[in-house]
Amino acid sequence: MKILELYDVKVTANKQTLLDVASFSIQQGDLVGVIGPNGAGKSTLLKVLAFLQAPNEGQVFYRGEKEDANSFSLELRRRFAVAMQQSLLFDMDVHQNVAIGLKLRKENKKAIQEKVDHWLEKFQIGHLAKKNARALSGGEAQRVNLARALILEPEVLFLDEPFSALDFPTKAQLIEDFKEILHDTGTTTFFVSHELLEIKHLTKRLVVIMDGKIIQQGVTKEVIDQPNEAAGRFLNKWKELYTI
Ligand SMILES: Nc1ncnc2c1ncn2[C@@H]1O[C@H](COP(=O)(O)OP(=O)(O)OP(=O)(O)O)[C@@H](O)[C@H]1O
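Because the structure is predicted, anything quoted here is derived from the model rather than measured.

A short note on the sheet that holds strand β4 (residues 57–62)
Spatial ordering of the open sheet is given by β2-β1-β4-β5, a layout of four strands whose pairing is antiparallel. Each of the sheet's edge strands pairs with one partner strand only, and the pair in question is β2 (16–27) and β5 (65–67). Across this sheet, the average inter-strand angle for adjacent strands is 25°, counted without regard to direction. Along the sheet, helix α1 (residues 42–49) makes contact with β1 (2–13), β2 and β4, crossing β1 at roughly 125°.

Here it is as structure tokens:
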């Protein structure tokens, strides 16, 4: 089942084309990574798919229904969750931060309590429940951020460089734990990164984007091992630096 589809989508600003995608889709259960150099259009693609930005041209379909790009409803946006590099937590404790989305959706108190406890435990941050989110380490804050997104049981989880500000051991442990969580939940995930190691570890499908265009997509391992000429210009440099 296709959850999202894009056709002939273009995003332009100041007469410049930032994104130019002939066709792209996200299927139920996909773990798709998007890689490319700075300014390639990765975040723009994420924003269009998550209904955060209307494209200037083209069509967006949600579960087979064409959506009007200029009037994305809150209801539609609430089917997804987005976690960014900066965790942007509120000045309140960890429990309250993780609960906030469900409160806004007016879930009952008991259900919220049970779900928050569950997700704090999953991300091994139960001991931080009463701590103010502003006093957390980067790794702890990102765990709260991801718990806050997953508690919403999104149809698609959108991640934009969620690990890039973390030091290596912190990042490695979180990626390991997060991979297990995604395996358990089966959450459809769209993951923007410019780190090939993260992509290799977490995704099954890989999209390479450059100058706003998708230049290759396929099974992650196959794209990494056999990039086409254009994708190779980016990926092979990476592989030389980090033998993976
Ligand atoms: N609102 C905007 N107005 C004008 N240009 C923009 C706007 N948003 C993004 N851009 C430009 O669009 C291009 C693509 O940006 P985008 O953030 O999608 O790239 P990215 O691949 O996510 O980059 P990075 O890895 O640096 O985050 C860049 O050249 C950026 O400067």
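Description of helix α5 (residues 138–150)
An ideal rise of 1.5 Å per residue puts 18 Å on 13 residues; α5 measures up with 18 Å between its terminal C-alpha atoms. Counted residue by residue, α5 has eleven buried out of 13 residues, so it is predominantly covered. For α5, the set of buried residues is G139, A141, Q142, R143, V144, N145, L146, A147, R148, A149 and L150. Against β6 (80–84), α3 (94–104), α4 (109–122), β7 (156–160) and α6 (168–185) lie the buried residues of α5.

Observations concerning the packing of α3 against α4
Where α3 meets α4, the closest approach of the two axes is 10 Å, and the angle between their N-to-C directions is 125°. Overall, the two elements α3 and α4 adopt an arrangement that is oblique. Relative to α4, the crossing made by α3 is right-handed. Between α3 and α4, the residues in contact are V94, H95, V98, A99, L102 and K103 and I112, Q113, K115, V116, D117 and L120, respectively. Of the residues contributing to the contact of α3 with α4, the split by class is seven nonpolar, two polar and three charged.

Examining the packing of aromatic side chains
Geometrically, a pair of aromatic rings is defined through the distance of the ring centres and the angle of the planes. Taken as a whole and judged by the stated rule, the model has ten aromatic pairs. On the basis of an interplanar angle of 20° and a centroid distance of 5.7 Å, the ring pair of F51 and F80 is categorised as stacked. Placement of the pair is F51 in the loop between α1 and β4 and F80 in strand β6, with a sequence separation of 29 residues. Residue classification places F80 among the buried residues on the basis of a relative accessible area of 5%. Each residue in the set F24, F51, Y62, F80, F158 and F190 is aromatic and connected to the rest through ring pairs, giving one cluster.

Considering the site of the ligand
In the vicinity of the ligand, the residues found are A13, L18, P37, N38, G39, A40, G41, K42, S43 and T44. Between the ligand and N38 there is a distance of 3.0 Å, counted from an oxygen atom to a side-chain nitrogen or oxygen. Within the backbone of A40, a nitrogen or oxygen atom sits 3.0 Å from an oxygen atom of the ligand. With three residues, α1 is the largest single contributor of residues to the shell around the ligand.

Looking at the side chain of N145
Turning to its location among the elements, N145 is positioned in helix α5. The exposure class of N145 is buried, given its relative accessible area of 3%. Here Q142 takes part through its side chain, which lies 2.7 Å from a polar atom of the side chain of N145. Excluding residues within four positions of it along the chain, N145 makes contact with A83, M84, Q86, S87 and L89.

Description of the environment of E229
On the secondary structure map, E229 appears in helix α9 (residues 229–241). Taking C-alpha positions, E229 is 9.6 Å from Q216, a pair spaced 13 residues apart along the chain.

Considerations on unusual backbone geometry
One non-glycine residue, F51, lies in the positive phi region at around 60°. With a relative accessible area of 0%, F51 lands in the buried category. One non-glycine residue, D211, adopts positive backbone phi at about 50°. Among the structural elements, D211 can be located in the loop between β9 (205–210) and β10 (213–219).

Cut-offs used in this document
Residues numbered from 1 in each chain as written. Predicted model: local features only at pLDDT ≥ 70, side-chain atom pairs only at ≥ 80, totals over all residues. Heavy atoms only, no water. Pairing = 2+ DSSP bridges. Helix = DSSP H or I, 4+ residues; strand = E, 2+ residues; numbered from the N terminus. Axes fitted to C-alpha atoms, helices over the stretch in contact; angles between N-to-C directions. Contact = heavy atoms within 4.5 Å. Expected span 1.5 Å × (residues − 1). Buried < 20%, exposed > 50% of the residue type's maximum accessible area, 1.4 Å probe, protein only. Parallel < 35°, antiparallel > 145°, perpendicular 65-115°, else oblique. Left-handed = near helix turned anticlockwise from the far one by under 90°. Nonpolar A, V, L, I, M, F, W, Y, C, P; charged D, E, K, R; others polar. Phe/Tyr/Trp six-rings, centres within 6.5 Å; stacked < 30°, edge-to-face > 60°. Near = heavy atom within 4 Å. Polar contact = N/O pair within 3.5 Å; in protein donor to acceptor, adjacent residues only side chain to side chain.

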